[in-house]
Each structure stands twice: as structure tokens, then as C-alpha cells.
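Geometric and topological summary
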Amino acid sequence: MESSYLKIVILYCIKELQGQRTIYSILHLLNGKKSSQTIQDAHLFQLTRFFKTFGQLTRSELEQLAAEMENINWISQDENGHFTLSVKGGRYLQSALLEYPIPSSLNGWKYHTSTGVFWERLSLLVQVISHLNYNHAKYLPIQRKRNVLSWLKDFLKTSGADRNELGILLNKELQHCLGSLSDINPAVLTLRLTGYNHIGLTDVQAAKQLGLGQDYYHHQFLGVLHYILECIKHSPSRYPLLGKLVSGSEDSVPLTFSTKKTYSLLNEDFGLDEIARIRNLKRSTIEDHVVEVALNESSFDITPYVANDRQKLILKAANSSESRQLKQIRQLVPEADYFEIRLVLAKFGEEER
Amino acid sequence: MNLETILQKTYGYTSFRPGQKEIIASVLSGKDTVAMLPTGTGKSLCYQLPGYLLEGQVIIISPLLSLMQDQAEQLMLNGEKKVIAFNSFLTHEEKRQSLMNLRRYKFIFISPEMLHFEAVLSQLKKLRIALFVVDEAHCISQWGYDFRPDYLKLGEVRKRLGSPLTLALTATATPAVKEDIKKSLGITEGSEFIYSVDRPNISLSVERLNSYRDKIERLVELAETLEGPGIIYFSSKKIAEQTAELLRDRGVGSVMAYHGGMDQESRILVQQQFIHGQLDLICATSAFGMGINKENIRYVIHFHMPLQIESYLQEIGRAGRDGKKSIAILLFAPGDEQLPYQLAESELPDNVQIDWIKGWLEENPEVMSSLSQYEEQIRQVSGLTDTQWRVFEDFFQRKSSQGIPLGRVVEEIKVYNQKRLESKRQSIEEVYSWISMNVCRREHILSFFKEEKTEAIRNCCDVCGLELNDFTKKNNKENQENLQYDWKNHLDALLIPGE
Ligand SMILES: [Zn+2]
């Protein structure tokens, strides 16, 4: 039963993928693979929140789980190796999600670059403040990465707050933020914290103490961190101290290397075919890059590639078609090609729903 | 000022442990010193204290990253800021920076690999080296249980640094290994301090059981009854993990596994929990224990047979550092002796692999001058493990730099491997005979180090007679009542300054 929650996540992804992708696209999504295909799929099928939330999942583990679920007829495979959910699987998923809801704050795509650093800084800062409070200078830091340690040094020098105030302020902000969590027990995070004469629990221990499976615990832990990050982003004036833990680890999602090159040529006003020629790549590859840029740069203007009128038609079709399958949208707007449809969905996809 | 006063001032201790003072005095009188102090008796003080009294830098060669890191951290914990540990934890830039400013440091820890680099060596040469410390000096001896090829070059390094005052430290060395240390380092005159490997407060016991299953059952029983804290050593990560799980299921207090496969954060937490008494028992691989300063470990159990007497002594030596009675128990079932042989063999490249690499090198002769750059490629196709590769590469580099042709190098490697394997087999046989023979365990170990047992010891060993009751929990402590965890209170306690 250890991986029952992971199965729920996989079932959920299979449902959203609507039989259009292999199971490996789920692997890439959960691992957080930085490829245009994975990033676009995440957006197209609205699975961005899962991005890089099971970084350690291996191919064989996933195959094993899929095989188990196929055996009990929750999912079935078509001739392309694409899985779809059976009625039985759908029913199970529905009831399982009631018991194990996916944390509403989970947002892998938005925060996958900043979550780890934020936790390292937060846990170290709490430990340091706690020892300062007890005037105890001899202890081993719970985080060992040099960049985290040197961040802390700078932070203590520049924070301006007085030693006593620092703890009070951090406590106030954390209590306020965690107190407003609705679907996760804040203990998921606080049990892990280390201070004077009290060493925090490992993830395994915390999950056990809370009676949660390891996978579910993991998503909840990320969920709490993402929730704090969202709070900081949403009302920075309320969380001035926590806000300082984020700076420099900002959630600017880096483009893939090749896309960066294409992007800089786009900015020099080269056309797609020209770029393809210059870079000696297929036009379809360049199109993938443009879609990736549209997903990542909110200021990116797509009108040079899709006229305004056509954008509206595509959006209308997308909203009326239930599944958002490219094919169905294309049938409703036959004059648009797949690139145009993908680009519009990339630009407006998430918020239009 | 006498040494005791300095000790009190610097560390807050009032007296030295046996041996420390003599070794420090020898170093301070300017004599090269080889010292053997049993595990758990404060070796690092022997170079730290002279460091504060001598002008110039103390260079400490340390074989293991984790050990080096621990020792550097211990110094920093004690308020010493001028410490640097050169190892792979530093970024390239940090290394470069620190290297340019070596003079700023007092204690410089360096891994033997780092000494390969001319840039490092030439910076070291500019220093005024007060003391050159070789920690775990038994690694220098090819016949020592923990031979590290990189250590062989230390003699040459020492010479190039102008033969500075040297202190070689080890916890366990047979007389032959000790001679090897002196020869390798080029120490001709100097003083030697050899303290008994015996730790009279640790009782020794071997328990023979009939099967793996019986061993597990006995282990659970021991963990339930023995007074903790304790460590159980395994030679497999998986079994360490499974057993910790099993013990938790059986309700044996607070148990966690510890091994190199865990992420760094969890490793630090588990280690710290153990030191702070939040955990009572660790199921560990040999990755656990180096540099752990915990005084009150009451028992060490070995679930698998160790590969050498020396490493066994190191591991059980973590018990009873406070001088109070403690016990070391080895569980043995028929067939257990097979595993060490397999482990020993797996550490060395076999002849087929060596022949394959030879063929590959003959086809790609341009590679030979920069073998390490092709590590990944060669390892992938030949299937060498990390350890096997290190053994191979080092030997190859040493020999080919002497202008020996490939064919002969390969033959020599094979001969050398055979010898290493023989020596490892011999070590295993020594452990096996120690387990099998019905003589006092302590006497047997001491004879191995050419020592004799001088005093009668209560609860000496299972052969002399052992009252296991002396080591069991006296007052069956109630499990600490599980207070309702309240996250708000916890945050308050962590962050709000107390009165
Ligand atoms: Zn005895």
C-alpha cells in the first residue's frame, strides 16, 4: 500500500492525458524533465502542478505500477502503448481522491526551482535563531551546502533585525501563513525543523509519525512549501522576512538551452524558416521552441505568428471542445494549423479555464 | 605554562587521556612521532594542541571525506575559525581562492588525492609547516586493512615539502604495518608511542546461531533487552534498512537506519538525533561512526562478519568512550564466512577485465597519457566498480610513469591483485579463526598485535565467562509518554527567546 498515493497521481495523469501520450510522458513530468515536449504537455493537459514533484521516480518503478494497475483493469493500453482509464479505474480514482486529495497548493511548475533552496534556508535559519535564543554557539548546521551557509551569513549581516526580534518576526509570519492552510496539517513541515536540543525528523520519520504514506507525505510537504511561497508572492508586505528567504532563488523558469538560442534570434526579428535555416534545424523544432517561449514568458507576443482574429476563434473552439484535443479544435477551426493552436493554448491555456 | 593548563584553557578538560600528553610532548620537542592510540581516545588532540603552540601551519592528511569534514567541523565547533578542508565539497573557485590564501589558515586538512596537483603542492611549499600529520597512517601500508594507493606517495610529498616535523597517527597497527609506516614516510629516527589496542571496559562476545533466521530473532531479543544506546553494523544497506523496519515493528524503541545511500539531510538528522539521545539504536553500514563523538554508546553488535580484526576493533571501539562498561557482540551463523570473501573479491578488478582494458588501450594508445579522462568510457565497457577503477588507475599511473611498457604493467597488476587478494583472504581467515577458537577473545586479539593480556577483567569475554545480565536494561523505562504534538507550540519553542 506504500505507493497507493503515487498510483492515484498516475491514474489522474492518465485520465488527463486522454490516451494521447505514453506513460513515459508521465515519468518525464514527475521527474521534471526540461524538454519542450514535456513542458508543453504539462500545460496542454493541465498537469503543471505535478512537474518535478517525484524527481526520484524511476522508469522501472513506473512500469511496475502501471502493470499492477493494468492487471486489475484500472487502465488499458492501446496499440500505440497509450494508456486510458477504464470505468473501474475512473470510479476508483474518484473515490480515492476524496480520501487522498491532491494538495491544492501543490504547484511544481511554478516553484520547482525555488522550493529546495527555500527549505534549506528556512530550516537552517530556524536552527540558527533557536540557538541564538539560547546563547548556544556550538552546534552542527543541519544544512551543509556552502551556498546555503554563505547565504545565511549574508542574511544575518544584512537583515537589519535585532537578534531577539528575528525569531519573533519569523514565528509571527510562519504562524500566520501556516495557520491559514486549509487542507494540510502544518505539522508536515514543522516536525522537520531542528532547533536547540531538538533535532528535526527526517521525511521518513515525519510521515510515520503522521501516519501518512511516504508518497503522500512528500506531496503534502511540497504543498506546504508551495503554499508559503504563494503567500509570499501574493502578499509580500505581510511576509517581509520570509520574502527575504526567496530572493535570489526566484521562480524564473529557465528555458532550455536550444530554445534560448531560438528566442534570441526571434528577438532579432528573424522569421521561423530563417531561424530553421540558420540553426540547421527542422521548422517543427523551431515551432516547439516558440511554444516553449510562449509558455514561459508572459510578455511574449504571439500575434506575429497567429493573427488576433484567429486567436479568438481558436480560444472559442478550445473552450467549447470538452477535451482540448488538438484534433477536435482543428475540426472546429479548420483554417488554423496545429502550431497555431498549440501556440494559442500555450499563451492562454491555463487561465482560460 | 604546563600542558595541563593549556588543555584547560583551550578545551576545558582538566586532564589528558592516556598517551595524549606523551605524544604531544614528543611532537613539541621536535621529534617525528609515530603514535598508535586505540579508537575513542582522542587522537585529534595530539595535533591540535601542538598546533596552537607551534608557529606555522598544521597540515593534516586524512583519507576519508566524511572523516575530514567531521574533524574540521569539530575544530570549528570549538571556536577555531582558521580551518580549511580541501576536498570535493569545495567548488573549483573556492579551492582556487583558498589556495591563494593558505597562510590565513592554521589547520589545513587535505585529502591525499589533492596532493597530486602541482598547484597545491607548490602553494604548500611556500608555507612554514609546523606539523605534517598523517591521520589513519595504517592506510599507507599495502598490507594494512585499509590500504589507500594515494597514501603511498606521502613519503615523496613529505620530502618535497622539506621533511617537516611529522606525526603519524593510527588506531590499529600490527608491528609490521608500523614498520611500513615509518619506511614509507621516510622517518628514520623518531619516537614511537604504542598504546594497547585493548579497551578493558568493552566486553567481547561471539554468539553462534544456526541460521540467518535465528540471527534475526536473537538480534531482536538483544535490542529489546540491552541497555542502549547501541549500534548494529551490517555489511548491506538493504538489510540494515529492513532490520531497522523490523525492530520498529516489534516496538524496539527508537531505531533508524543509517547508510551511504540516504540523502545528506537525512544522514545529518539521524546522526544528530542519535547524538542528542532522540534515537536509541542505529542500524548502520560502516559509513556510520567515523568522527562521531558520542561517549555513552553501551553496545555494538555485528550482524555480519567483519573483514579484518582491525576494522572490527575500530567499530567496536565506538562503544564505551566514557570508560563505563560496554559490550561488543558478534552474531555468527554457519556460512557467514562466505560473504566477506565475496566482498573482498568484488573490490579488485579481475583478470578478464584487466585483459579487456589492455586490448582497448592497445587500440587507443593516445589515451594512455591521460587515462583518468577516459574513466567513464573505460568503466562502462569493462564494468569496473568505483573501487576497482581506483585500484587499477593508480597502479597503472605509477608503473607507466616509470616507463614500464603496457604488457608488463598488466602482468604486474595481475600479480599485485593476486597478492592483495591473498592478504585479504588471510585477514578474513584470521577473523574466522578468532570466531572459531575457544580461547579468550581478548587474549587472541592482543596476540595479533603482539601484546599480552596483563590484568584480569570482569566480564572479559564469552569464553572467560560473561554475565549478560550486567548489560541489560535495569529499570524497564516506560516509553516516553507521547505528548500530543502541537505545531504552534513547537514553533514558539523554536523561535521565541526564552526567559
Ligand atoms: Zn577473555
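The structure contained in this document is the topic of the report that follows. Note that the structure is a prediction, hence the values are computed from the model and not measured.

Here is what the cut-offs are and how they apply
All residue numbers refer to positions counted from 1 along the written sequence of the respective chain. Chains carry letters and ligands carry numbers; both start at the beginning, A for chains and 1 for ligands, and go up in the order they are written. Selection of residues for local features in this predicted model requires a pLDDT of at least 70, selection of side-chain atom pairs for listing and counting requires 80 or more, and totals for whole chains, interfaces and linings are taken over all residues. The side-chain values count all of the structure's non-hydrogen atoms but skip hydrogen atoms and water molecules. Strands here are runs of E lasting at least two residues and helices are runs of H or I lasting at least four, both read from the DSSP assignment and numbered beginning at the N terminus. For a compact globule the rule gives 2.2 Å times the number of residues to the power 0.38, and the radius of gyration it is set against comes from C-alpha atoms. When a residue's accessible area, from a 1.4 Å probe over protein chains only, is under 20% of the maximum for its type it is buried; when over 50% it is exposed; and in between it is partly exposed. Note on terminology: a nonpolar core comprises buried Ala, Val, Leu, Ile, Met, Phe, Trp, Tyr and Cys residues joined through side-chain atoms within 4.5 Å. An automatic or database domain assignment is the source of the domain bounds shown. In this analysis, strands are considered paired if DSSP registers two or more bridges between them. Axis geometry follows a simple rule: fit a line to the C-alpha atoms, using only the stretch in contact for helices, then measure angles between N-to-C directions, giving values from 0 to 180 degrees. Whether two residues are in contact is decided by their heavy atoms: any pair within 4.5 Å suffices. Paired rings are identified among Phe, Tyr and Trp, the last through its six-membered ring, by centres lying within 6.5 Å, and are further divided according to the angle between planes into stacked (under 30 degrees), edge-to-face (over 60) and tilted (the rest). As a reminder, the over-ring test applies to NZ of lysine and CZ of arginine, requiring each to be within 6 Å of the ring centre and within 35 degrees of the ring normal. Accessible area, probed at 1.4 Å, shrinks when two parts are joined; the buried area is that loss added up over both. Here a polar contact means two N or O atoms within 3.5 Å. Within protein one must be a hydrogen donor candidate and the other an acceptor candidate, and residues neighboring in sequence count only if both atoms are side-chain atoms. When residue character is reported, Ala, Val, Leu, Ile, Met, Phe, Trp, Tyr, Cys and Pro are called nonpolar, Asp, Glu, Lys and Arg charged, and the others, Gly included, polar.

A look at the overall build of chain B
- Helix and strand counts for chain B come out as 19 helices and 13 strands.
- Computed over the C-alpha atoms, the radius of gyration of chain B is 24 Å, within 12% of the 23 Å expected from 2.2 N^0.38 for a compact globule of 499 residues.
- Dimensions along the principal axes, computed over C-alpha positions, put chain B at roughly 70 × 60 × 55 Å.
- When each of the 499 residues of chain B is scored for burial, the buried share is 54%.

Brief notes about the nonpolar core
- If you look at the biggest cluster of nonpolar residues, it comprises 75 residues, and the most contacted ones within it are Phe86, Leu124 and Phe288 of chain B.
- Two domains each provide a minimum of three residues to this core, namely domain 1 (3–194) and domain 2 (202–336 + 467–494) of chain B.
- The next biggest cluster of nonpolar side chains, apart from the first, holds 68 residues, and it includes Trp109, Val290, Leu315 and Ile329 of chain A.

Digging into the sheet that holds strand β11 (residues 281–284) of chain B
Residue and element names in this part refer to chain B.
- With parallel pairing, the 6 strands of this open sheet are ordered in space as β8-β13-β12-β9-β11-β10. Two strands bound the open sheet, and with one partner strand each, they are β8 (202–208) and β10 (255–258). When the angles between neighbouring strand axes are averaged without regard to direction, this sheet yields 15 degrees.
- With 7 bridges joining them, β8 and strand β13 (residues 326–332) adopt parallel strand pairing. Looking across to β13, one finds that Ser205 is bridged to Ile329.
- In the packing of helix α12 (residues 309–316) onto the sheet, the strands contacted are β8, β9 (230–233), β12 (299–302) and β13, and the crossing angle to β12 comes to about 145 degrees.

Regarding the packing of aromatic side chains
- In the structure shown here, the tally under the stated rule is 21 aromatic pairs over all chains.
- With a centroid separation of 4.7 Å and 65 degrees between ring planes, the pair formed by Tyr258 of chain B and Phe288 of chain B is classed as edge-to-face. Highlighted residues: Tyr258 of chain B in strand β10 and Phe288 of chain B in the loop between β11 and β12, separated in sequence by 30 residues. The same class applies to Tyr258 of chain B and to Phe288 of chain B, which are both buried.
- Here Tyr312 of chain B and Trp434 of chain B contribute two aromatic rings whose centre-to-centre distance is 5.5 Å and whose plane-to-plane angle is 55 degrees, an arrangement assigned as tilted. Placement of the pair is Tyr312 of chain B in helix α12 and Trp434 of chain B in helix α17 (residues 406–436), with a sequence separation of 122 residues.
- Linked through ring pairs, Tyr5, Tyr100 and Tyr216 of chain A together constitute an aromatic cluster.
- Above the ring of Phe471 of chain B, the side-chain terminus of Lys325 of chain B is found at 5.8 Å from the ring centroid.

Quick word on the interface of chain B and chain A
- Chain B puts 31 residues into the contact, and the matching count from chain A is 42 residues.
- Interface of chain B and chain A: buried area, both sides summed, is about 3,300 Å²; carbon and sulfur atoms make up 59% of it.
- Per-residue buried area on chain B facing chain A is highest for Trp487, Leu494 and Leu495 of chain B; these three make up 20% of the total on that side.
- At the surface where chain B touches chain A, the tally comes to 13 residue pairs in polar contact (both at pLDDT 80 or more).
- Listing elements by their share of the side of chain B that touches chain A, those giving two or more residues are α4 (65–77), α10 (237–249), α11 (264–275) and α19 (487–495) of chain B.
- Considered class by class, the residues forming the side of chain B that touches chain A number 16 nonpolar, 8 polar and 7 charged.

Comments concerning unusual backbone geometry
Residue and element names in this part refer to chain B.
- With omega at -5 degrees, the peptide bond leading from Gly228 into Pro229 counts as cis.
- Turning to its location among the elements, Pro229 is positioned in the loop between α9 (212–225) and β9.
- Phi angles above zero are rare outside glycine, and Ser163 is one such case at about 45 degrees.
- Checked against the element boundaries, Ser163 lands in the loop between α7 (154–160) and β6 (166–170).
- Overall, Ser163 belongs to the partly exposed group, its relative accessible area being 40%.

Thoughts on the sheet that holds β6 of chain B
Residue and element names in this part refer to chain B.
- Sheet architecture is open: 7 strands sit in the order β3-β4-β2-β5-β6-β1-β7, paired in parallel fashion. What marks the edges here is a single partner per strand, and that holds for β3 (83–86) and β7 (191–194). Looking at each pair of strands side by side, their axes are set apart by 15 degrees on average, direction ignored.
- In this structure, strand β2 (residues 57–61) lies alongside strand β4 (residues 107–110), joined through 4 bridges in parallel fashion.

Functional significance is not addressed by these values, which are geometric in nature.
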